[in-house]
Amino acid sequence: MLKPRLSLCLHARFPDPLDENLTFIHRPPPTAPSPHSTTLAPASPLLKSPTPSNKHAPMPPLLRPSAYNAAPSRMSDKDMEQLRKLRLSNPEKYSRAKLAKLFKCTPNFVSKVAALPRPQRKEEQWGEKKATFVAIKQKRREFW
């Protein structure tokens, strides 16, 4: 046997829209712009165009210290080839930092232009515990 459904009293939750006690508020958009809302005569000083006297005003300081440095000049293709040759010939002697000083660029640029092949890269030195876990992981992969 089915349970009788509860009869919901809809008129208590949703009032009748035609009820006379209901207030309807209508705010039409303005037909003519006010003088304070146009861009021709903006009220905010931020919207005003800069005046000639503001052009020579002192500027605020730059946010990042790196912004004070001039952009590095582009390296020629000949220099890039020489950088790659030196890096591949002897990675121990010509490290990224040494080549960066030699060619006046950043070490990150050297690593992108003259990246070493994986076997030649100097792997980071792990501690005893990490080395043990890596060896166990490699052994486990052999059994797959």
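Okay, so let's go over this structure. Here the residue numbers are simple positions, counted from 1 along each chain's written sequence. Totals for whole chains, interfaces and linings use every residue, but because this is a predicted model, local features are given only for residues with pLDDT of at least 70 and side-chain atom pairs only at 80 or more, for both listing and counting. To get the side-chain values, take all heavy atoms of the structure and skip hydrogens and water.

The next point concerns the overall build of the protein. Under the DSSP-based scheme used, a helix requires at least four consecutive residues in state H or I and a strand at least two consecutive residues in state E, with every element numbered from the N terminus. On a plain count of helices and strands, the protein comes out with six helices and zero strands. Reading the helices (α) and strands (β) of the protein from amino to carboxyl end gives α-α-α-α-α-α. Throughout this description, buried means an accessible area under 20% of the type-specific maximum (1.4 Å probe, protein chains only), exposed means over 50%, and partly exposed covers the range between. Per-residue burial over the protein gives 9% buried out of 144 residues. Contact criterion: two residues are considered in contact whenever any of their non-hydrogen atoms come within 4.5 Å of each other. For the protein, long-range pairs separated by at least 24 residues make up 42% of all intrachain contacts whose partners lie at least 6 apart in sequence. Only carbon and sulfur atoms are counted for the fraction: they give 60% of the accessible area of the protein, which is about 14,700 Å². Accessibility throughout is a Shrake-Rupley quantity obtained with a 1.4 Å probe, and a residue counts as covered only by protein chains that appear here.

Residue types Ala, Val, Leu, Ile, Met, Phe, Trp, Tyr and Cys, when buried and joined through side-chain atoms within 4.5 Å, form a set referred to as a nonpolar core. Core analysis: the largest hydrophobic core is formed by 10 residues, namely Met75, Met80, Leu83, Leu86, Leu99, Ala100, Phe103, Val110, Val113 and Ala114. For this core, the secondary-structure elements that each account for two or more residues are α3 (77–89), α4 (96–103) and α5 (107–113). In this structure phenylalanine 103 touches Met75, Asp79, Gln82, Leu83 and Leu86, once residues within four positions along its chain are discounted.

Further remarks concern the pattern of salt bridges. By definition here, a salt bridge exists when the distance from a side-chain nitrogen of Lys or Arg to a carboxyl oxygen of Asp or Glu is within 4 Å. Per the counting criterion, the structure on display carries two salt bridges. Put simply, lysine 139 and glutamate 142 hold a salt bridge, and the shortest N to O gap is 4.0 Å. Residue lysine 139 and its partner glutamate 142 are located together in helix α6 (residues 128–142), separated by three residues, close to a single helical turn. For glutamate 142, a relative accessible area of 57% corresponds to the exposed category.

Turning our attention to α4. Counting along an α-helix, one turn takes 3.6 residues, and residues three or four places apart therefore face a common direction. Buried residues of α4: Leu99, Ala100 and Phe103, and no others. One face of α4 carries all of its buried residues, which in axial projection span an arc of 105°. Of the exposed residues in α4, those oriented more than 90 degrees away from the buried face are Lys98, Lys101 and Leu102. What the arc measures is the spread of directions leading from the helix axis to the C-beta atoms.

Put simply, a patch holds well-exposed residues, over 30% relative accessible area, that have no salt bridge, with like charges counted together within 9 Å and Val, Leu, Ile, Met, Phe, Trp or Tyr side chains within 5 Å. By the counting rule applied here, Lys and Arg register as positive and Asp and Glu as negative, while His and the ends of each chain are not counted. Note that the charge is assigned to NZ on lysines, CZ on arginines, CG on aspartates and CD on glutamates. There is a patch of like positive charges on the surface, built from Lys130, Lys137, Arg140 and Arg141. Within the secondary structure, arginine 140 is located in helix α6. Exposure remark for arginine 140: the relative accessible area of 48% places this residue in the partly exposed category.

Attention now goes to the environment of alanine 115. On the secondary structure map, alanine 115 appears in the loop between α5 and α6. On the basis of relative accessible area, alanine 115 is assigned to the partly exposed category, the value being 44%. Sequence spacing of alanine 115 and leucine 88 is 27 residues, and the spatial spacing of their C-alpha atoms is 8.6 Å.

The next thing to look at is the environment of leucine 88. If you trace the backbone, leucine 88 turns up in helix α3. When its relative accessible area of 44% is taken as the criterion, leucine 88 is described as partly exposed. C-alpha of leucine 88 to C-alpha of alanine 114: the two residues are 26 residues apart in sequence and 7.8 Å apart in space.

Everything listed here is a matter of coordinates, which is why it stays silent on function.
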